Amino acid sequence: MIVKNLSKWFGATSMAVFLLASTTPSHAESYSNLQGKGYKTGKLSRGASGSLGWFVSNGEKKYFCRMRVAVAYVGNTGMVAFTSSGRQIPADRKVYEKYIGGPDSSIPQLSDLKAGKPNARNVGSCDPAK
C-alpha cells in the first residue's frame, strides 16, 4: 500500500515544485542582451557572494554577471586555472596544450578578463546587483 502510493506522492510533489518554480519571476539577463542594450562592462571583480565576474550597468540599472571560465592564458607562455572560489592557480601551458593538441583559441587572455573585455561565452548569468 505504501509503495503503491509513493509514486503518486512523488509525482504530486514534483509537479508542485515545478509549478512553483515556473511562476516565480526571473530577473536574470544574458550578457549579450545587456551588451545589445548599451550596458557597459566594468573590470573583473567579486560580487556580493564572493564570485568572480563583472558589474554591467547603464547608469540606472546594474547587474552582476558571473565569470564562466575555468582556464585563461597569461601572455604567450603562461596559463592560470580558476578554482570554484575564484582563486587563480598557475598551470603549465605546455603540458596543457600538448594534452589537448595545441593552442585553443577559445581560451581567453587573463588581461582581457581583468580589463572587462570578456566574450559572451565566458560570462554566465547576470543578476541584478544589490
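Throughout what follows, the structure given in this document is the object of discussion. What you see is a predicted model; the values in this text were computed from it and never measured. (Residues numbered from 1 in each chain as written. Predicted model: local features only at pLDDT ≥ 70, side-chain atom pairs only at ≥ 80, totals over all residues. Heavy atoms only, no water.)

## Let's talk about the overall build of the protein
For clarity, the threshold we go by: Helix numbering and strand numbering both begin at the N terminus, where a helix is a DSSP run of H or I of at least 4 residues and a strand a DSSP run of E of at least 2. Summary of the burial criterion: residues with accessible area below 20% of their type's maximum are buried, those above 50% are exposed, and those between are partly exposed, where the area comes from a 1.4 Å probe applied to protein chains only. Residue exposure ignores everything except the shown protein chains as possible cover, and the areas themselves are Shrake-Rupley values with a 1.4 Å probe.
Helix and strand content of the protein: four helices and seven strands. The secondary structure elements of the protein, listed N-terminal to C-terminal, are α-α-β-β-β-β-β-β-α-α-β. The burial tally for the protein puts 27% of its 130 residues in the buried class. Of the roughly 9000 Å² that the protein leaves accessible, carbon and sulfur atoms contribute 57%.

## Thoughts on the pattern of salt bridges
Put simply, the test is: We define a salt bridge as a contact between a side-chain nitrogen of Lys or Arg and a carboxyl oxygen of Asp or Glu at a distance within 4 Å.
Applying the stated criterion to the full structure yields two salt bridges. A salt bridge links Glu29 to Lys37; the shortest N-O distance between them is 3.6 Å. The exposure class assigned to Glu29 is partly exposed, which follows from its relative accessible area of 22%. Here Arg93 makes a salt bridge to Glu97, at a shortest N to O gap of 3.0 Å. A residue pair is termed a helical-turn pair when its members lie 3 or 4 positions apart in one helix, as Arg93 and Glu97 do in helix H3 (residues 93-100) at four residues. In this structure, Arg93 and Glu97 share a single accessibility class: buried.

## Notes on the state of the cysteines
Stated precisely, the cut-off is as follows: Put simply, a disulfide is two cysteine sulfurs that come within 2.5 Å.
Inspection of every chain in the model, using the stated rule, returns one disulfide. Sulfur-sulfur distance for the disulfide between Cys65 and Cys126 comes to 2.0 Å. Between Cys65 and Cys126, the disulfide has an S-S torsion of 115° and is therefore right-handed. Taken together, the positions of Cys65 in strand E3 (residues 62-67) and Cys126 in strand E7 (residues 123-128) put the pair 61 residues apart, joining distant regions of the chain. Like Cys126, Cys65 is buried.

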